[in-house]
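Residue-level structural notes
Each chain is listed here by its residues.
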Amino acid sequence: MIFFFFLVDLSLLRQTWLSAVISFFFFYTVLKRMEQNSAMLGKIIEVSCTIKSALKGQNFEVTLKPYLTVEEKRLAAADPYEYMEQYFTLNEDLKQMLESSKDSAKLDAMKRIVGMIAKGKNASELFPAVVKNVASKNIEIKKLVYVYLMRYAEEQQDLALLSISTFQRALKDPNQLIRASALRVLSSIRVPIIVPIMMLAIKEASSDLSPYVRKNAAHAIQKLYSLDPEQKEMLIEVIEKLLKDRSTLVAGSVVMAFEEVCPDRIDLIHKNYRKLCNLLVDVEEWGQVVIIHMLTRYARTQFVSPWKDDEVVEEYSENNFYESDEEQKEKDRKVKNIYTMDPDHRLLLRNTKPLLQSRNAAVVMAVAQLYWHLAPKSEANIVSKSLVRLLHSNREVQYIVLQNIATMSIQRKGMFEPYLKSFYVRSTDPTMIKTLKLEILTNLANEANISTLLREFQTYVKSQDKQFAAATIQAIGRCATNITEVTDTCLNGLVCLLSNRDEIVVAESVVVIKKLLQTQPAHHGEIIKHMAKLLDNITVPVARASILWLIGEYCERVPKIAPDVLRKTAKSFTTEDDLVKLQILNLGAKLYLTNSKQTKLLTQYVLNLGKYDQSYDIRDRTRFIRQLIVPNEKSGALSKYAKKIFLAQKPAPLLESPFKDRDHFQLGTLSHTLNSRATGYLELSNWPEVAPDPSVRNVDVAELTKEWTGILGITKKEKPTEKFYSESEEEEDESTNTSSSKSESGSENEKEDKEESSSDESSGSSSSGEESSDSESDSKESTANKTSRAAAESVSEDIKKKAKGIFKKRSTSSSSDTESTSSEESSPDSKSESDSKSDSESGKSGSATSSKKEDKPVQDRKAPNKQDVFLLDLDDFCPVTTPVAVPTVAVPIAAVLSPSSTADLEGLSLSSSSVIDVTTQVSVPTETHELLHRMSGKGLAAHYHFSRQPGIFGDHMVSVQVTVTNTTDQKIENIHIKEKKLPPGMRVHEFNPIECLEPAESITVSMGIDFCDSTQMASFHLCTKDDHFNVNIQPPVGELLLPVTMSEKDFKKEQGMLTGMNETSATIAVAPQNSTRLVIIERVVKAANLGVVPSGQDNIHRFAAKTVHSGSLMLVTVELKESSTAQLVINTEKTVIGSVLLRELKPVLSQG
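Analysis parameters
- Residues numbered from 1 in each chain as written.
- Predicted model: local features only at pLDDT ≥ 70, side-chain atom pairs only at ≥ 80, totals over all residues.
- Heavy atoms only, no water.
- Helix = DSSP H or I, 4+ residues; strand = E, 2+ residues; numbered from the N terminus.
- Buried < 20%, exposed > 50% of the residue type's maximum accessible area, 1.4 Å probe, protein only.
- Contact = heavy atoms within 4.5 Å.
- Areas by Shrake-Rupley, 256 points an atom, 1.4 Å probe, with all protein chains shown as cover.
- Polar contact = N/O pair within 3.5 Å; in protein donor to acceptor, adjacent residues only side chain to side chain.
- Salt bridge = Lys/Arg side-chain N within 4 Å of Asp/Glu carboxyl O.
- 1 Å grid on protein atoms, 1.4 Å probe; cavity = no way out; pocket = protein on both sides within 12 Å on 5 of 7 lines; lining within 4 Å.
- Points joined across faces, edges and corners; volume = space filled by probe spheres on them.
- Phe/Tyr/Trp six-rings, centres within 6.5 Å; stacked < 30°, edge-to-face > 60°.
- Lys NZ or Arg CZ within 6 Å of the ring centre and 35° of its normal.
- Patch = residues over 30% accessible without salt bridge, like charges linked within 9 Å, V, L, I, M, F, W, Y side chains within 5 Å.
- pLDDT = per-residue confidence, 0-100.
- Pairing = 2+ DSSP bridges.
- Axes fitted to C-alpha atoms, helices over the stretch in contact; angles between N-to-C directions.

**Description of the overall build of the protein chain**
From N to C terminus, the protein chain includes 49 helices and 18 strands. By residue count, 45% of the 1152 residues in the protein chain fall in the buried class. A separation threshold of at least 6 residues defines the contact pool for the protein chain, and within that pool the share at least 24 residues apart is 69%. When the accessible surface of the protein chain is totalled, it reaches about 60500 Å², and 52% of it is carbon and sulfur.

**A few points about the side chain of Asn-175**
Counting through the fold element by element, Asn-175 comes out in the loop between helix 10 (164-170) and helix 11 (176-188). Owing to a relative accessible area of 6%, Asn-175 belongs among the buried residues under this scheme. Engagement of the side chain of Asn-175 in a polar contact is seen with the backbone nitrogen of Leu-177, the distance being 2.8 Å.

**Structural notes on the pattern of salt bridges**
Within this structure, the stated rule accounts for 28 salt bridges. Of the charged contacts, one joins Asp-344 and Arg-697 as a salt bridge, the two residues approaching to 2.6 Å between their closest N and O atoms. Of this pair, Asp-344 sits in helix 21 (residues 343-352) while Arg-697 is found in the loop between helix 37 (670-674) and helix 38 (701-712), placing the two residues 353 residues apart along the sequence. The structure contains a network of salt bridges with shared partners spanning Arg-274, Asp-342, Asp-344 and Arg-697.

**Remarks on empty space enclosed by the protein**
Following the criterion strictly, the structure yields four cavities of 30 Å³ or more and no others. Counted as a void, the largest cavity has a volume near 100 Å³. Arg-948, Gln-949, Val-958, Ser-959 and Leu-1042 are, among the 14 residues lining the largest cavity, the residues nearest its centre. At the level of elements, strand 6 (958-966) and strand 13 (1041-1045) are the ones that each hand at least two residues to the lining of the largest cavity.

**Overview of the packing of aromatic side chains**
A complete count under the given rule lists twelve aromatic pairs for this structure. Relative to Phe-303, the ring of Tyr-273 has its centre 6.1 Å away and its plane inclined at 65°; by these criteria the two rings are edge-to-face. Of the two residues, Tyr-273 sits in helix 17 (residues 273-279) while Phe-303 sits in the loop between helix 18 (285-302) and helix 19 (308-315), which places them 30 residues apart along the sequence. You can call Tyr-273 buried: its relative accessible area is 0%. Ring geometry for Tyr-944 against Phe-946: centres 5.8 Å apart, planes inclined by 85°, an arrangement best described as edge-to-face. Each member of the pair, Tyr-944 as well as Phe-946, is classed as buried. Among the aromatic side chains, those forming a connected cluster through ring pairs are Phe-127, Tyr-148 and Tyr-152. The side chain of Arg-412 reaches across the aromatic face of Trp-372, ending 4.1 Å from its centre. Cation over ring: Arg-697 sits above Tyr-273, and NZ or CZ is 5.8 Å from the ring centre.

**Remarks on a nonpolar patch on the surface**
Taken together, Leu-638, Tyr-641 and Ile-645 make up a surface patch of nonpolar side chains, about 300 Å² in accessible area. Relative to the helices and strands, Ile-645 resides in helix 36 (residues 642-646). Look at Ile-645 and you get partly exposed, because its relative accessible area is 40%.

**Side note on the confidence of the model for the protein chain**
Mean pLDDT over the protein chain works out to 74, with 70% of the residues at or above the 70 mark. When the criterion is pLDDT under 50, residues 710-787 qualifies, and its contacts beyond four places in sequence or with other chains add up to 93 contacts. pLDDT under 50 marks residues 802-913. Its contacts with residues more than four places away, or in other chains, come to 118 contacts.

**Things to note about the sheet that holds strand 8 (residues 987-989)**
One open sheet accounts for five strands, arranged 4-5-6-10-8; its pairing is antiparallel. The sheet is open, and its two borders are formed by strand 4 (929-932) and strand 8, each paired with just one other strand. Averaged over all adjacent pairs, the angle separating strand axes in this sheet is 30°, with direction ignored. Strand direction decides the pairing type here: strand 5 (residues 940-946) and strand 6, joined by seven bridges, are antiparallel.

In structure tokens:
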């Protein structure tokens, strides 16, 4: 890269602006001339000259520097393309280089273009210039051209159609990479008119000698099916043909095509089941995942359940005392004969077991779900060690694995009890990982380890992560419910938490205590009294409502305290939350029925207050209670049963795991992760009562050999084709002719695999073999193939005529096409001999290894006690032997030390790089905005709100939930989005059309909008079957952010780099009630989607986020000053968003 850096002596720039303009144009002329000569550009950095221009008797000096300063070197190393774009127009240069007659210039241009694509830059303007070189004779240029075309063929379909004849010729190219790339580009042109051409190309590629080309044919099947589903039957024929392929390179791709096109055609798998099981270990990783999931569904339809054996063994486990030995032997014989695993079922389990050592987390997870759904319960435990190993991966992998472990641990606790310590929470874990680990620890809790877990939970309650602390209190409540021995201990511990300084901890403790007291209220009257005393200090509505419900429910056990509580709450009734008001009314009604002498007037006073409340829920509850408990002439028959209605015995609530109902989804799937059926999810069928005929999986060896030779276009009668191998190999084949047909087919399999691997490494194959195979395949062509070829030729002629009429000026490229094809058809035959030699050598090794592979199952049967050799040693996961082990998780520093000590220890971080991670939203706004009024929408009303859920529709999209309501008395059909009028760059992910909306019905749907970090409106039409309405969505600036978490040190470091123009600040007057830390955090995160950053100073509050579209940091600091003022500072590169956010946050903190 050549960069120009001008050092201008500022002391000499004292003349008028005219001198600067003259000098600029002079330099522009010089540089433009230099630009025409690339050799001169290479030496310009070494030139230093002085240009003097006399203007009014003064000198103007400009120096071209041969060196760079430190800052300039740093900027140049960061992104050199930014400087090139300032001085040159890249596209013009690249077009000239692509039109050059030199291959070196074209190759250099293509490398630069592919580099631009890799950096995410748009290079679509160069499509016409690049597509001209598709017929280049240089193989390297041709490869890069196809890389470019695969990226932009779908966007520039009209121009790509011009070169369709070149793509068709490239399908016959000697080089396998060119053939495969031509097929990929052809399948990327999403135009229905070329479907016959694509179909013919896929059929020919499925019979190609190269497994790499056949693999791409399998990929093209899915693209063609999505373009034209009517081709399904013909594509199934190609899939059936490719399923018989014995190459490991093809197996994963063709199974993926099978899952997309015809997942219900289980009959296609029968003959290939054993082959897929044996090839599974050698298939590439993502192919393994697809095959394992497909075989899991297949096994559930072909084999009987292995779990019945466990149930029968449990039934016969208890022996009768007077039972004779003969009777016992008879029972043992029956148990043994009840279930025998199918050999094919065992083959699948045996061949997938080694994949538990895979480096790919998806493969390990796929094998784990296969063992969970298919293996006997006694054998499923082997997957637990491998799943625990995955907990050392990144947080995304941890999240998925922990979700699946949480589901497993509910049904089979014994699988993960030895690895209990692996689920202890680390201080560096994000909240989502902490919550899942906590869920698993709660599921694994039993009488043996509960004391260890409770000590661990005591540490978690002190965490600075309030969401995690609240989840820990709920976990303690679940342990107390499930294990009766520790119920009192847990209850006493939760009561101690009621004196905690944190209101969130106290509120959650109250809610959990309320649920626990419902199980045995007679023994805990003192706890109810203690909670009544705390009512004056607790302000969280849920906690206050829970205390009032407890006092009202058990008012007969605290007859002196309950009336006094009603008296206090009656005073503050008008200022209470609606949830608390409802419980005050209930408390008054229950006391009126049990202690009317003391509480009659108080209850009437509360009912009068509720009668005129602003909330209609409160008013309705007041009327209902008055008519029910105060008898009068209008009272109905229900007033007689008022006491039974209000004071009826309530069932104790069940504290269950949220993962209890997820087991009906297949583990490892998106539906299991979301706990909702996702598009394309295929359910696992129930085990059949009687196993289907296993003989459908038997394959005749002679038939298999015939099929494979048919694929290669080789007949058995032709002896010359066998001379493709060396003479030594022929002699070896004669000596081994007496072996069994099974081992013979295995050696052929290994031999073919070696051939395919050698063909992959070579850049091209011999053209003579290619032409012969083509001629043979053409001679065997079916009538369907001929009709499709005729249709394809007619379509290509139409496209040629259309192209000649539209693009006449590109007619010069046709001559170069013909020249290139004539040269491409003739290729040197020297490579064929070396290929045959290497193939013969590989054939020898293949025959040797095949016999070993055949003997392997026999050895496994003879020596069942031989243990597997694992690649990784996982001995560090020690099983839990004693229930009183000391917890090893460190207590968070911020929970033990004072703020000043925390700030002093801030510099002891072991890592120098900033750790900035996206976290979950702290607060979700409940405010809704009107999208369509019912009057304007002819009875159709729509509202929307921002759910702050990241990454639902894409990394750059803001999630918006739209609620559509039908206010008419007739149903509304086909509600959808149409005619989007969006600013440049803005995108909208539409919600699925609503087919029918019944009268008075509401439906909430989700959509995603990429606002491009701006507050501009997204305008579109909300349409029904008969009408369409213009609507707009305008986001608050706070909804364009994603909350992030970071340390205080990282916050200060990033803030130091965003000063000057990147900093916006203001001084505001803070209302007295807004000066506490909790209120400030609550108000700020409600107004904007910000994450809370821990602070070592009580008067400074920090928040951090990044913009959804560009990912730019947004740092917010609120520093409380004296005399009820605060300094609000926002640091960000997006200065416009920063100033708007500052404007929105000022009234949030200043208003009362």
